[in-house]
Amino acid sequence: MADDLSDITDDELVRRAASGDQSAWAALADRHLASVVSFAWYRLGDRVEAEDIAQETLLRFAKKALTWEPDGAKVRTWLYRVAGNLVIDRQRARKPHSPLEDIEDTSIIDIQPHLDGKLDARRVVHKALIALPARQQVVLILVYYQGYTVKEAAEMLAVSEHAAESLLARARKSMRTALEPNREDLIGAGS
Amino acid sequence: MTMQNHQMNDDQLDAALDALQPPVPSDTLVRRVHVMAPPPQKVFMTPRRSAAAALIMALGAATMLHMANSNSIAPTATPASPAPIAAVADPAGEIPVSDLALGDEATISREPFSMAGMPLE
């Protein structure tokens, strides 16, 4: 059912969903849900929290859809902004403990138990990613992990393309520095 | 012993970053999100809207009642009505209808037809 709507724009899906078309809403949710979950997961390192944030984001969008203006912000930009704000709320509300403590229990979905080395690599990389300043972190997630162009990331962050490029370069440099102590293990685990 | 103090190159950094693979949304989350579809748009009545609607209906009803009462009252100046034919003292019917006072001068037809539409001699 939702596959039939794959060529329809987000705005059109929103319009249909707002008029009661359940399949349009399902298609819209399927189109963006995984991105929102992964975005929150990269930033928090906790699968349960990431899914909570994705659910809350889509819930808010369901309400917003009734008054959605097609020529305004893009759907994905709206979703990322709301999810980003919810991530910040979670970070502020968290008790002062490392979010990485939860990674092993909540996000191991595709790693075999005997691949301990790879698991450690994930923890090291995630720790470095979460330690980045927020904007560097977001640009790196959007561009590297989620496949958006620098221009698209700039639009989502409401910064110039040049500024986004600069943020991305600094993010990669910071990641290199942070990962350097584990370089041999990481390269071995990632290759 | 080789020196290992140079930084990771882009490929090595990408390989390290690739160690992170995000979770896919759980089936439970997908199901929950699917049922969040916006409710169909419908007109809902707030107290203020209800009060406004009642006021408009009351005004409409009062206006219609006023108009109905106005129509039932006989006008003080009745429009000129043609005098009944029987009241004209013309028992023999010799006076042409066109000459009878059936209305004001402007509206009286000067055609020599009787009231029945028959041409008069």
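Up top is the structure.
Everything numeric here is computed off the predicted structure, so don't read it as measured data. (Residues numbered from 1 in each chain as written. Chains lettered and ligands numbered in written order. Predicted model: local features only at pLDDT ≥ 70, side-chain atom pairs only at ≥ 80, totals over all residues. Heavy atoms only, no water.)

## Some remarks on the overall build of chain A
Next up, step 1: Helices and strands together make up the secondary structure of chain A, namely 10 helices and 0 strands.
Next up, step 2: What you see in chain A, going N to C, is helices and strands ordered as α-α-α-α-α-α-α-α-α-α.
Next up, step 3: Burial status across chain A gives 49% buried among its 191 residues.
Next up, step 4: Looking at chain A alone, contacts between residues at least 24 apart form 63% of all its contacts between residues at least 6 apart.
Next up, step 5: With an accessible surface of roughly 9,400 Å², chain A has 50% of that area assigned to carbon and sulfur atoms. (Helix = DSSP H or I, 4+ residues; strand = E, 2+ residues; numbered from the N terminus. Buried < 20%, exposed > 50% of the residue type's maximum accessible area, 1.4 Å probe, protein only. Contact = heavy atoms within 4.5 Å. Areas by Shrake-Rupley, 256 points an atom, 1.4 Å probe, with all protein chains shown as cover.)

## Digging into the layout of surface pockets
Residue and element names in this part refer to chain A.
Next up, step 1: The calculated volume of the largest pocket comes to roughly 270 Å³.
Next up, step 2: Arg43, Gly84, Val138, Met156 and Leu157 are the residues nearest the centre of the largest pocket, which is lined by 14 residues in total.
Next up, step 3: The set of elements that each furnish at least two residues to the lining of the largest pocket consists of α2 (22–44), α4 (75–93), α7 (134–145) and α8 (150–157).
Next up, step 4: The dominant element in the lining of the largest pocket, judged by the number of residues it contributes, is α4, at 5 residues.
Next up, step 5: Three or more residues apiece are contributed to the lining of the largest pocket by two domains, here domain 1 (1–99) and domain 2 (110–191). (1 Å grid on protein atoms, 1.4 Å probe; cavity = no way out; pocket = protein on both sides within 12 Å on 5 of 7 lines; lining within 4 Å. Points joined across faces, edges and corners; volume = space filled by probe spheres on them. Domains from an automatic or database assignment.)

## Section: the packing of α7(A) against helix α9 (residues 161–179) of chain A
Working note: a packed helix pair is described by the angle between its axes plus the distance between those axes.
Residue and element names in this part refer to chain A.
Next up, step 1: At a minimum axis separation of 8 Å, α7 and α9 run at an interaxial angle of 95°. Regarding the angle of α7 to α9, the classification is roughly perpendicular. Along the contact surface, α7 presents Arg135, Gln136, Val139, Leu140, Val143 and Tyr144, while α9 presents Ala164, Leu167, Leu168, Arg170, Ala171, Arg172, Ser174 and Met175.
Next up, step 2: Partitioning the contact of α7 with α9 into residue classes produces 9 nonpolar, 2 polar and 3 charged. (Axes fitted to C-alpha atoms, helices over the stretch in contact; angles between N-to-C directions. Parallel < 35°, antiparallel > 145°, perpendicular 65-115°, else oblique. Nonpolar A, V, L, I, M, F, W, Y, C, P; charged D, E, K, R; others polar.)

## Considering the side chain of A:Gln146
All names here are of chain A.
Next up, step 1: Here Gln146 shows up in the loop between α7 and α8.
Next up, step 2: A relative accessible area of 17% places Gln146 in the buried class.
Next up, step 3: Within the local environment of Gln146, its side chain forms a polar contact with the side chain of Tyr80, the two groups lying 2.6 Å apart.
Next up, step 4: Residues contacting Gln146, with those up to four places away along its chain left out, are Ser35, Ser38, Phe39, Tyr80 and Ile141. (Polar contact = N/O pair within 3.5 Å; in protein donor to acceptor, adjacent residues only side chain to side chain.)

## Some details on the nonpolar core
Next up, step 1: The biggest cluster of nonpolar side chains holds 71 residues, and the ones touching the most others in it are A:Trp25, A:Phe61, A:Val125, A:Leu129, A:Met175 and A:Leu179.
Next up, step 2: At 13 residues, the largest contribution of residues to this core is made by α2(A).
Next up, step 3: The contacts of A:Leu179, once residues within four sequence positions are left out, are A:Val124, A:Val125, A:Ala128, A:Leu186, B:Met8, B:Leu13 and B:Ala16. (Core = buried A, V, L, I, M, F, W, Y, C linked by side-chain atoms within 4.5 Å.)

## Points about empty space enclosed by the protein
Empty pockets left among the atoms are what a rolling probe the size of a water molecule brings to light.
Residue and element names in this part refer to chain A.
Next up, step 1: Evaluated as defined, the whole model comprises 1 cavity of 30 Å³ or more.
Next up, step 2: Of the pockets and cavities examined, the largest cavity occupies roughly 30 Å³.
Next up, step 3: The wall of the largest cavity is formed by Trp25, Leu28, Ala29, His32, Leu58, Phe61, Val75 and Leu79.
Next up, step 4: In the lining of the largest cavity, the residues fall into 7 nonpolar, 1 polar and no charged.

## What to know about the packing of aromatic side chains
All names here are of chain A.
Next up, step 1: This structure, assessed with the given rule, holds 8 aromatic pairs over all chains.
Next up, step 2: Taken together, a centroid distance of 4.9 Å and an interplanar angle of 75° make the contact between Phe39 and Tyr80 edge-to-face. Pair noted here: Phe39 is in helix α2 and Tyr80 is in helix α4, with a separation of 41 residues, a long-range link. There is no split in this pair, since Phe39 and Tyr80 are both buried.
Next up, step 3: Taken together, Trp25, Phe61, Trp68 and Trp78 form an aromatic cluster joined through their ring pairs. (Phe/Tyr/Trp six-rings, centres within 6.5 Å; stacked < 30°, edge-to-face > 60°.)

## A few points about the interface of chain B and chain A
How big an interface is tends to be stated in terms of the accessible area lost upon association of its parts.
Next up, step 1: Listed as interface residues are 32 residues of chain B and, on the opposing side, 44 residues of chain A.
Next up, step 2: Three residues stand out in chain B for area buried against chain A, namely B:Leu20, B:Pro23 and B:Pro38, and they jointly supply 19% of the buried area on that side.
Next up, step 3: Linking chain B with chain A are 3 salt bridges, by the criterion used here.
Next up, step 4: Connecting chain B to chain A are 12 residue pairs in polar contact (both at pLDDT 80 or more).
Next up, step 5: Broken down by secondary-structure element, the contributors of at least two residues to the side of chain B that touches chain A are α1 (10–17) and α2 (27–34) of chain B.
Next up, step 6: Broken down by element, the side of chain B that touches chain A gets its largest block of residues, 7 residues, from α1(B).
Next up, step 7: For the side of chain B that touches chain A, a count of residues per class yields 19 nonpolar, 9 polar and 4 charged. (Buried area = accessible area lost by both parts, 1.4 Å probe. Salt bridge = Lys/Arg side-chain N within 4 Å of Asp/Glu carboxyl O.)

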